[in-house]
Amino acid sequence: MTRVYNFSPGPAMLPEPVLRQAQAELLDWRGTGMSVMEMSHRSEAFRSIATSAEMTLRELMAIPEHYRILFLQGGATGQFAAVPLNLAGDGGRADYVDTGQWSKKAIQEARRYVEVNVVASTAATGYHSVPPQSEWQVDPGALYLHYTPNETIGGVEFHWVPEVGDTPLVADMSSTILSRPLDVSRFGIIYAGAQKNIGPAGLTVVIVRDDLIGRADSRAPAVLDYKLQADAESLYNTPPAMAWYVAGLVFDWIKGQGGLPGLAERNQRKAQILYSTIDGSDFYQSPVDRECRSWMNVPFTLAESALDKTFLEKAEEAGLVALKGHRSVGGMRASIYNAMPEEGVVALATFMKDFEERHG
Ligand SMILES: *Cc1c(COP(=O)(O)O)cnc(C)c1O
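Report on the accompanying structure. Just so it is clear, the model here is predicted, and its values are computed rather than measured. Residue numbers run consecutively from 1 along every chain, following the written order of its sequence. Restriction of local features to residues with pLDDT of at least 70 applies here, the model being predicted, together with a cutoff of 80 or more for giving and counting side-chain atom pairs; totals for whole chains, interfaces and linings are based on all residues. Side-chain figures throughout are based on the complete set of non-hydrogen atoms in the structure, without hydrogens or water.

### Considering the sheet that holds strand S2 (residues 67–72)
Consideration 1: The seven strands are arranged S2-S10-S9-S8-S5-S3-S4 in an open sheet whose pairing can be described as mixed. Taken across any chain shown, the strands that pair with only one partner, and hence form the sheet edges, are S2 and strand S4 (115–121). Here the average twist between neighbouring strands, direction ignored, is 20°.
Consideration 2: Of the pairings in the sheet, the one linking strand S3 (residues 93–98) to strand S5 (residues 145–147) comprises two bridges and is parallel in character. Paired with tyrosine 96 across the bridge in S5 is histidine 146.
Consideration 3: The sheet strands contacting helix H3 (residues 75–87) are S2, S3, strand S8 (169–172), strand S9 (189–193) and strand S10 (204–209), and the helix crosses S9 at an angle near 155°. Here, a strand pair is defined by DSSP locating no fewer than two bridges between the strands. Secondary structure elements follow DSSP: runs of H or I of four or more residues count as helices, runs of E of two or more count as strands, with numbering from the N terminus. Here an axis means a line fitted to C-alpha atoms, over the contact stretch when the element is a helix, while the angle between two N-to-C directions is reported on a 0 to 180 degree scale. Throughout, a residue-residue contact means that at least one pair of heavy atoms, one from each residue, lies within 4.5 Å.

What follows is the structure in structure tokens.
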């Protein structure tokens, strides 16, 4: 068996020890005689899996007591609707920062339920930067402010948390959650689709402050209603049980890696290896402003786009896969989430230097 270094933006690599443990427990989860996929979600066994995952996540992120953790479905895209439906019961106004393709999608969906005020947008300059907060045009009557701390497609990341006073701050952290320590108390809601840094697709983690629960629009789908789900401990209906279980294994793995401080150190180093390879050459270029380059998604272009195809073919032969950039950006993109080993990043940097020597 050969496993490749998979630079996919999501679903992304999972830590090998997690896959091995899931494999070992697949047919018989700890003496129950069945797999997690076959268990009742109301059983003692599944409840212990669910509770343990939640407790480990709470510990890893130091999530305060007055926040609930929900394990839902519908992806981050489901939350694009769930956020306005839960926070703006009777309609109203909300602030959004537009820094890339995912912000744009969140805004489009929110417009179905609330009046959206775009406080700042970098669309006109091609989404290569983070707009300074001093330039934001906030609405004093906004029910919340939404932003995307890491734009997975553009590779643009906020390396600071906005100051929004009493306005609840809502963050789509799909591609940056668990990459470093975070002060959760600065946020009203944090949500993330699992398939980047948490576990298998199908699970969506929502961390929501108590006072923001129970304000939902009466037409909100029950499965997206934070109060119904919080009261039911995320078991209002059948949860994505297998994904929840694997997420728990990932949380245990993170603990073993020195928690979020340990991962932050490694993630920063991994990103640095790629950015210094790009900056140290005339052949590769990063389209993103230096102060907001992502630790998780590293887009880059080659001096001649005619070489893109050869680059991708040769990379694949070297066991470095899924490097093709998003169609809206072109070029390449290396997604280097928590589970990408440092050796994978070093292998890519070595390949890039070698490719430049041959074709540059
Ligand atoms: C992947 C991603 C999404 C979409 O997630 P789904 O789970 O597919 O809905 C939304 N926002 C960001 C920042 C992402 O990286």
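### Overview of the side chain of histidine 41
Consideration 1: Counting through the fold element by element, histidine 41 comes out in the loop between helix H1 (16–24) and helix H2 (44–61).
Consideration 2: Only protein chains enter the accessibility calculation, which uses a 1.4 Å probe. A residue is then buried if its area is under 20% of the maximum for its type, exposed if over 50%, and partly exposed in between. Classification of histidine 41 as buried rests on a relative accessible area of 15%.
Consideration 3: Looking at histidine 41, its side chain comes within polar contact range of the side chain of arginine 42, at 3.5 Å.
Consideration 4: Apart from residues lying up to four places away in sequence, histidine 41 is in contact with Phe46, Arg47, Leu235, Asn237, Thr238 and Pro239. Polar contacts here mean pairs of N or O atoms no more than 3.5 Å apart (in protein, one a potential hydrogen donor and the other a potential acceptor; neighbouring residues in sequence count only if both atoms are side-chain atoms).

### Side note on the packing of helix H8 (residues 308–317) against helix H9 (residues 342–359)
Consideration 1: With their axes 11 Å apart at the nearest point, H8 and H9 run at an angle of 135° to one another. Taken as axis vectors, H8 and H9 run oblique relative to one another. Crossing angle aside, the handedness with which H8 passes H9 is right-handed. On H9, the residues touching Thr310, Phe311, Lys314 and Ala315 of H8 are Phe351, Met352, Phe355 and His359.
Consideration 2: Residue composition of the contact of H8 with H9, by class: five nonpolar, two polar and one charged. Any angle that falls under 35 degrees is termed roughly parallel, while one over 145 is termed roughly antiparallel, one within 65 to 115 roughly perpendicular, and all others oblique. The hand of a helix crossing depends on one turn: near helix anticlockwise from the far one by less than a right angle means left-handed, and clockwise means right-handed. Gly is put with the polar residues, along with every residue not named as nonpolar or charged; the nonpolar set is Ala, Val, Leu, Ile, Met, Phe, Trp, Tyr, Cys and Pro, and the charged set is Asp, Glu, Lys and Arg.

### Some details on the sheet that holds strand S12 (residues 297–302)
Remark on secondary structure: sheet strands pair via backbone hydrogen bonds, oriented parallel or antiparallel.
Consideration 1: Spatial ordering of the open sheet is given by S11-S12-S14, a layout of three strands whose pairing is antiparallel. Unpaired on one side and paired on the other, strand S11 (284–285) and strand S14 (332–335) mark the two borders of the sheet.
Consideration 2: Here S11 runs beside S12; their pairing, made up of two bridges, is antiparallel. Considered in S12, the bridge of glutamine 285 is made with threonine 301.
Consideration 3: In this fold helix H7 (residues 259–279) packs onto S11, S12 and S14, with an angle of close to 20° to the strand it touches most, S12.

### Section: the pattern of salt bridges
Consideration 1: Salt bridges are counted wherever a side-chain nitrogen of Lys or Arg sits within 4 Å of a carboxyl oxygen of Asp or Glu. As enumerated under the stated definition, the model contains 21 salt bridges in all.
Consideration 2: For glutamate 54, the salt bridge is made with arginine 58, and the minimal N-O distance between the two is 3.7 Å. Note that glutamate 54 and arginine 58 are positioned in helix H2 at a spacing of four residues, about one turn of the helix.
Consideration 3: On the basis of relative accessibility, which here comes to 25%, the residue glutamate 54 falls in the partly exposed class.
Consideration 4: Relative accessible area serves as the criterion here: at 17%, arginine 58 is assigned to the buried category.
Consideration 5: Between lysine 314 and glutamate 317 there is a salt bridge, with its nearest N and O atoms 4.0 Å apart. On the criterion of helical spacing, the pair formed by lysine 314 and glutamate 317 is a turn pair, its members being three residues apart in helix H8.

### So, the packing of H1 against helix H6 (residues 241–256)
Consideration 1: The interhelical angle for the contact between H1 and H6, taken along N-to-C directions, is 135°, at an axis separation of 9 Å. Relative to H6, H1 is oriented oblique. The way H1 lies across H6 gives a crossing that is right-handed. In contact with Pro17, Val18, Gln21 and Ala22 of H1, H6 contributes Tyr245, Val246, Leu249, Val250 and Trp253.
Consideration 2: Taken together, the residues of the contact of H1 with H6 break down into eight nonpolar, one polar and no charged.

### Focus on a nonpolar patch on the surface
Consideration 1: Here a patch means residues that are over 30% exposed by relative accessible area and free of salt bridges, tied together within 9 Å if like-charged and within 5 Å if nonpolar (Val, Leu, Ile, Met, Phe, Trp, Tyr). To be clear on the numbers: accessible area is Shrake-Rupley with a 1.4 Å probe, and residue cover counts the displayed protein chains and nothing else. A grouping of Leu26, Leu27 and Met37 is seen on the molecular surface, where their side chains present a nonpolar patch of about 340 Å² in accessible area.
Consideration 2: Within the secondary structure, methionine 37 is located in the loop between H1 and H2.

### Quick word on the site of the ligand
Consideration 1: Looking at the ligand, there are 13 residues lining it, with Thr77, Thr152, Asp172, Gln195 and Lys196 nearest.
Consideration 2: The separation between an oxygen atom of the ligand and a polar side-chain atom of threonine 77 is 2.6 Å.
Consideration 3: Between an oxygen atom of the ligand and a side-chain N or O atom of glutamine 195, the distance comes to 3.0 Å.
Consideration 4: Burial of the ligand by the protein chains amounts to 86% of its free accessible area of 390 Å².
Consideration 5: Among the elements that take part in the shell around the ligand, H3 stands out by supplying four residues, more than any other.
Consideration 6: Residues belonging to the shell around the ligand are distributed by class as follows: three nonpolar, eight polar and two charged. We call a residue near a molecule or strand as soon as one heavy atom of that residue lies within 4 Å of the molecule or strand.

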